[in-house]
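As a plain string of letters, each chain reads:
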Amino acid sequence: MRRQIIAGNWKMNGTIASGSILIEGINGTLKEDELSVDVVVCPPFTALERAVTMTRNTSIVVGAQTMDYHDAGAYTGEISPLMLTELGVRYVILGHSERRDYYGETDATVNEKIKRAFHHNLQPIVCVGESLAQRESNETMTFIESQLQGALQHIPKEQVQQLIVAYEPIWAIGTGKTATAEQAEEVCAGIRQYISKLYDKATAADVRIQYGGSVKAENAYEILSQPNIDGALVGGASLVADDFTSIIMSAQQVATDMLHSN
Ligand code: PGA
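Residues numbered from 1 in each chain as written. Predicted model: local features only at pLDDT ≥ 70, side-chain atom pairs only at ≥ 80, totals over all residues. Heavy atoms only, no water.

Draft legend 1. Inspection of the overall build of the protein at higher detail. Scanning the protein for helices and strands turns up 12 helices and eight strands. For 262 residues, the compact-globule estimate of 2.2 N^0.38 gives 18 Å, and the protein sits close to it at 17 Å. If you line up the protein on its principal axes, its C-alpha atoms span 50 × 45 × 35 Å. Going through the 262 residues of the protein one by one, you find that 51% of them count as buried. Taking the intrachain contacts of the protein between residues at least 6 apart in sequence as the baseline, contacts between residues at least 24 apart amount to 74%. Here the protein has roughly 11,900 Å² of accessible surface; of this, 50% comes from carbon and sulfur atoms. (Helix = DSSP H or I, 4+ residues; strand = E, 2+ residues; numbered from the N terminus. Rg over C-alpha atoms; globule rule 2.2 N^0.38 Å. Buried < 20%, exposed > 50% of the residue type's maximum accessible area, 1.4 Å probe, protein only. Contact = heavy atoms within 4.5 Å. Areas by Shrake-Rupley, 256 points an atom, 1.4 Å probe, with all protein chains shown as cover.)

Draft legend 2. Spotlight on the pattern of salt bridges. One pass over the full model with this rule turns up 11 salt bridges. Note that lysine 11 and glutamate 98 form a salt bridge whose closest N and O atoms lie 2.9 Å from each other. On the criterion of sequence distance, the pair formed by lysine 11 in the loop between β1 (5–9) and α1 (16–30) and glutamate 98 in helix α4 (residues 97–103) is long-range, its members being 87 residues apart. Of the charged contacts in the structure, one is a salt bridge between arginine 135 and glutamate 130, with a shortest N-O distance of 2.8 Å. Several salt bridges share partner residues, and in doing so they unite Arg2, Arg192 and Asp230 into one network. (Salt bridge = Lys/Arg side-chain N within 4 Å of Asp/Glu carboxyl O.)

Draft legend 3. Region of interest: the packing of helix α7 (residues 140–151) against helix α9 (residues 181–198). Orientation of α7 relative to α9, taken along the N-to-C sense of each, is 45 degrees, at an axis distance of 10 Å. Taken together, the axes of α7 and α9 are oblique relative to one another. The way α7 lies across α9 gives a crossing that is right-handed. On α9, the residues that touch Thr140, Met141, Ile144, Glu145, Leu148 and Gln149 of α7 are Val187, Gly190, Ile191 and Tyr194. (Axes fitted to C-alpha atoms, helices over the stretch in contact; angles between N-to-C directions. Parallel < 35°, antiparallel > 145°, perpendicular 65-115°, else oblique. Left-handed = near helix turned anticlockwise from the far one by under 90°.)

Draft legend 4. Spatial organisation of the sheet that holds strand β3 (residues 60–64). Around the barrel, which closes on itself, the eight strands sit in the order β1-β2-β3-β4-β5-β6-β7-β8 with parallel pairing between neighbours. Taking each pair of neighbouring strands and ignoring which way they run, the sheet shows an average axis angle of 25 degrees. Pairing geometry for strand β6 (residues 164–167) and strand β7 (residues 208–212), over four bridges, is parallel. Its bridge partner lying in β7, tyrosine 167 is registered against tyrosine 211. (Pairing = 2+ DSSP bridges.)

Draft legend 5. Region of the structure containing the packing of aromatic side chains. Taken as a whole and assessed by the stated rule, the structure comprises two aromatic pairs. Considering the side-chain rings of tyrosine 102 and tyrosine 103, the 6.2 Å spacing of their centres and the 85 degrees angle between planes classify their relative orientation as edge-to-face. On the accessibility criterion, tyrosine 103 (54% relative accessible area) is exposed. (Phe/Tyr/Trp six-rings, centres within 6.5 Å; stacked < 30°, edge-to-face > 60°.)

Draft legend 6. Here's a closer look at the layout of surface pockets. The volume enclosed by the largest pocket comes to roughly 400 Å³. Lining the largest pocket we find 15 residues, and of these Lys11, Met12, Gln65, Arg99 and Tyr103 sit closest to its centre. Considering every element that reaches the lining of the largest pocket, the biggest residue donor is α4, with four residues. (1 Å grid on protein atoms, 1.4 Å probe; cavity = no way out; pocket = protein on both sides within 12 Å on 5 of 7 lines; lining within 4 Å. Points joined across faces, edges and corners; volume = space filled by probe spheres on them.)

Draft legend 7. Layout of the site of the ligand. In the neighbourhood of the ligand, 13 residues make up the surrounding shell, with Lys11, His96, Glu168, Gly174 and Ser214 lying closest. In this structure, histidine 96 approaches the ligand through a side-chain N or O atom, which is 2.7 Å from an oxygen atom. In this structure, glycine 236 approaches the ligand through a main-chain N or O atom, which is 2.8 Å from an oxygen atom. Relative to its unbound accessible area of 280 Å², the ligand is 95% covered by the protein chains. (Near = heavy atom within 4 Å. Polar contact = N/O pair within 3.5 Å; in protein donor to acceptor, adjacent residues only side chain to side chain.)

Draft legend 8. Spotlight on the pairing of strand β2 (residues 38–42). Summarising burial for β2: five of the five residues are buried, a large majority. The two faces of β2 match: Asp38, Val40 and Cys42 on one face and Val39 and Val41 on the other face are all buried. Bridge count between β2 and β3: three bridges; the pairing is parallel. Pairing of valine 41 across the sheet is with valine 62, part of β3.

Draft legend 9. Inspection of α9 at higher detail. With 18 residues, α9 ought to run about 26 Å at 1.5 Å a step, and its terminal C-alpha atoms sit 26 Å apart, in line with that. Taken together, the buried positions of α9 are Ala181, Ala184, Glu185, Val187, Cys188, Gly190, Ile191, Arg192, Tyr194 and Ile195. (Expected span 1.5 Å × (residues − 1).)

Draft legend 10. Structural detail: the packing of α1 against helix α2 (residues 48–55). Closest axis-to-axis distance for the α1/α2 pair is 10 Å, and the angle between their directions is 25 degrees. Classified by the angle their axes make, α1 and α2 are roughly parallel. The way α1 lies across α2 gives a crossing that is right-handed. For the pair formed by α1 and α2, the contact residues are Ile16, Ser20, Ile23, Glu24 and Asn27 on the first element and Arg50, Ala51, Met54 and Thr55 on the second. Per-class residue counts for the contact of α1 with α2 are four nonpolar, three polar and two charged. (Nonpolar A, V, L, I, M, F, W, Y, C, P; charged D, E, K, R; others polar.)

Purely geometric stuff here, so don't read any function into it on its own.
Below, the structure written as structure tokens:
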């Protein structure tokens, strides 16, 4: 059974001080609970070290929002995987649509980054997703398949099994427009099927697929209870401790329900 994973992408928000308060809030609510879901927070680079320190011995682990694929060198402004692992960072979001749109991230760079992330024992969360125009012209799956094909070039199946794919329709990010649970499930099932075509059924069955795009406390349970959705990548709602913990508790509820239905 795939374990649900809820990741909070803070984007370029907050300070070390406000991030600490946020983590304290999340920790405070989760402390007593024996969680059967994975919880990740992805603060801005400057707040990573504090986040790692504050989440030691808790059920939260820390991820970064991007990284370079070189270990070191003349790459002004970039952060390398070595720098992240030195801090105790465990996950890294790769190919977020904002990185693709504003900073020229491509399937080829995402591919390099996935390789380097695995090399350094960082777990990649690879984002894919269509624009509104692509959805309206029925190109959703063709586009996402091309993103996956580019991102997964020469990635062995042992690594693909550990990968997290985040399906984030661009039109749903930060807009308050969530994909319906059916729309999200349809694409996540399509992603799993395509990975099965690229590799095999067993590999595809292991990949965890998150949905992202205006996930909030109110819609989390319905989305997370879909058979091919194994978690959420949460932007806006991850900046409010109560909202983020409600989403985590929805995932926990889904996990409990599944246990009882088996
Ligand atoms: P949102 O962002 O939850 O604010 O829509 C999701 C994301 O960009 O990962």
